Amino acid sequence: MPELPEVETLVRGLRPDVTGRMITGFESTWPRQIVGMDSLAFADRIYGQRVERLWRRAKYLVFDLSSDVLLVHLKMSGRLYVTPQGQPRPDDRWVRAIFLFDDGSDLRFSDLRKFGRLYLVGNMESITAQIGPEPLDESFTPALFAAALTGRARSIKPLLMDQSVIAGVGNIYADEALWRAQIDPRRAANTLSSTDVERLYHAVRGALNDGIDHEGSSINWYRKADGGTGEHQNHFNAYGQQGRPCGRCGGPIHKIWLGQRGTHFCPVCQV
Ligand SMILES: [Zn+2]
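Residues numbered from 1 in each chain as written. Predicted model: local features only at pLDDT ≥ 70, side-chain atom pairs only at ≥ 80, totals over all residues. Heavy atoms only, no water.

(A) View of the overall build of the chain. Counting its regular elements, the chain contains seven helices and ten strands. Taken over C-alpha atoms, the radius of gyration comes to 20 Å for the chain, in line with the 18 Å a tight globule of 271 residues would show. The principal-axis extent of the C-alpha atoms belonging to the chain is close to 55 × 35 × 30 Å. The contacts of the chain with a sequence gap of at least 6 include a subset with a gap of at least 24, amounting to 63%. Accessible surface, the chain as shown: approximately 12,100 Å² in total, 48% of it carbon and sulfur. Averaging the coordinates of the 33 positive side-chain charges in the chain and doing the same for the 31 negative ones gives two points 7 Å apart. (Helix = DSSP H or I, 4+ residues; strand = E, 2+ residues; numbered from the N terminus. Rg over C-alpha atoms; globule rule 2.2 N^0.38 Å. Contact = heavy atoms within 4.5 Å. Areas by Shrake-Rupley, 256 points an atom, 1.4 Å probe, with all protein chains shown as cover. Lys, Arg positive; Asp, Glu negative; His and termini not counted. Charge placed at Lys NZ, Arg CZ, Asp CG, Glu CD.)

Written out as structure tokens, the structure reads:
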């Protein structure tokens, strides 16, 4: 599933092509992707609204419209791309929704697995109120991170992936952050010292920023707005590296199951 760096990269790629555009039509071939209303009501309500801003909250793409907010969650296999006016329509049989724009271009939501979701709401708080802080915001401090972990007896890795604790971190970047911080993913959060927490804080931000610098990880369905692949899968230290030598100590990276998720780490230098 796309995580913070993938969604951020997609937002940056789409932003120039969608900002300022007015929505002049909406078509859906998979109405169940729309949450809380049928596709006719959705089309009626979004018609004539202009895209004022596109940004990201956690793993959601957030389109601020003239009077509503459109949130898109890509889930497993969602893709979003703009087809400019006059360009041949891409041969894509997994397009589930098309937003038509006033300049003849359109925004397509393609989703093989059909888990992606569209929300059209007056106020996004109804969807995002329970989500924790954005790890790359200036307001996210080591003290805030420490407070979120205080007294938690759960293993640190599932806690990092808990969206109510911290926004946007999933399986890839949790594994990468813990490798950087040299912390065993199975450690109970309440056994981390303040030095461990401080190191993990910087590791989480470092892993996410590196992911953004490499335009995300294209290990499965994630593609950038232009259809190209991200490069971060070529820079993994732990995720998917089982059997390969740890880049720090040379010992083999192990794969275990933790909270039903494949978890990759170095048992020698992550303690
Ligand atoms: Zn190692």
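Right, picking up where we left off after that structure.
(B) Highlighting the domain arrangement of the chain. Along its sequence, the chain is carved into domain 1 (4-126) and domain 2 (142-265). Every contact between the two is made by 19 residues of domain 1 and, on the other side, 17 residues of domain 2. Viewed at the interface, domain 2 and domain 1 are joined by zero salt bridges. Taken together, domain 1 and domain 2 are joined by four residue pairs in polar contact (both at pLDDT 80 or more). The dominant element in the side of domain 1 that touches domain 2, judged by the number of residues it contributes, is helix H1 (residues 4-18), at nine residues. Among the residues forming the side of domain 1 that touches domain 2, the class breakdown is ten nonpolar, three polar and six charged. (Domains from an automatic or database assignment. Salt bridge = Lys/Arg side-chain N within 4 Å of Asp/Glu carboxyl O. Polar contact = N/O pair within 3.5 Å; in protein donor to acceptor, adjacent residues only side chain to side chain. Nonpolar A, V, L, I, M, F, W, Y, C, P; charged D, E, K, R; others polar.)

(C) Main features of the pairing of strand S10 (residues 261-265). For S10, the tally of buried residues reaches four of five residues, placing the bulk of the element in the interior. Of the pairings in the sheet, the one linking strand S9 (residues 254-258) to S10 comprises five bridges and is antiparallel in character. What sits directly across from Leu-258, in S10, is Arg-261. Hairpin connection of S9 to S10: two residues between the antiparallel strands, including Gly-259 at a positive phi of 60°. (Buried < 20%, exposed > 50% of the residue type's maximum accessible area, 1.4 Å probe, protein only. Pairing = 2+ DSSP bridges.)

(D) Structural context of the sheet that holds strand S7 (residues 106-111). In space, the four strands of this open sheet follow the order S1-S6-S7-S5, with antiparallel pairing throughout. This sheet does not close on itself; its edge strands, each paired only once, are strand S1 (23-28) and strand S5 (78-83). The average undirected angle you get between the axes of adjacent strands in this sheet is 15°. Taken together, the five bridges between S1 and strand S6 (residues 95-101) define a ladder with antiparallel strand orientation. Within S6, the position partnered with Ser-28 by the bridge is Ala-97. Where H1 meets the sheet, its contacts fall on S5, S6 and S7, and the angle it forms with S5 comes to roughly 30°. Lying over the sheet, helix H2 (residues 39-46) contacts S1 and S6, oriented at roughly 170° with respect to S1. (Axes fitted to C-alpha atoms, helices over the stretch in contact; angles between N-to-C directions.)

(E) A look at the packing of helix H4 (residues 142-149) against helix H7 (residues 194-213). Closest axis-to-axis distance for the H4/H7 pair is 10 Å, and the angle between their directions is 115°. The orientation of H4 relative to H7 falls into the category roughly perpendicular. You can see that H4 and H7 cross each other, and the crossing is right-handed. Between H4 and H7, the residues in contact are Pro-142, Phe-145, Ala-146 and Leu-149 and Val-197, Glu-198, Leu-200 and Tyr-201, respectively. Of the residues assigned to the contact of H4 with H7, the class counts are seven nonpolar, no polar and one charged. (Parallel < 35°, antiparallel > 145°, perpendicular 65-115°, else oblique. Left-handed = near helix turned anticlockwise from the far one by under 90°.)

(F) Focus on H2. Among the residues of H2, Phe-42, Ala-43 and Ile-46 are the ones counted as buried. Looking straight down H2, one finds its buried side chains confined to an arc of 95°; they lie on one side. For H2, exposure combined with an orientation more than 90 degrees from the buried face picks out Leu-40 and Asp-44. Two to three positions downstream of the cap, the backbone nitrogen of Leu-40 sits 3.1 Å from a side-chain oxygen, assigning the N-cap of H2 to Asp-38. (Arc of directions from axis to C-beta.)

(G) The arrangement of the coordination of the zinc ion in detail. Surrounding the zinc ion are the protein donor atoms Cys-246 (SG), Cys-249 (SG), Cys-266 (SG) and Cys-269 (SG), at 2.2 to 2.3 Å. Coordination at the zinc ion is tetrahedral: its four donor atoms span angles of 97 to 122° at the metal. Each donor residue of the zinc ion lies on one chain, and together they are spaced C-x2-C-x16-C-x2-C. Of this pair, Cys-249 sits in the loop between H7 and S9 while Cys-269 sits in the segment after S10, placing them 20 residues apart in sequence. What makes Cys-249 partly exposed here is its relative accessible area of 37%. The exposure class assigned to Cys-269 is buried, which follows from its relative accessible area of 11%. (Donors = N, O, S within 2.8 Å, 3.2 Å for Na, K, Ca; no water. Tetrahedral: all angles 85-135°; square planar, octahedral: opposite > 155°, others 65-115°.)

(H) Fine view of the side chain of His-73. For His-73, the location among the structural elements is in strand S4 (residues 69-73). By relative accessible area, which is 8% here, His-73 ends up buried. Of the polar contacts made by the side chain of His-73, one reaches the backbone nitrogen of Lys-75; its length is 3.1 Å. What His-73 contacts, discounting residues up to four positions off in sequence, is Met-1, Lys-59, Tyr-60, Phe-109, Gly-116 and Arg-117.

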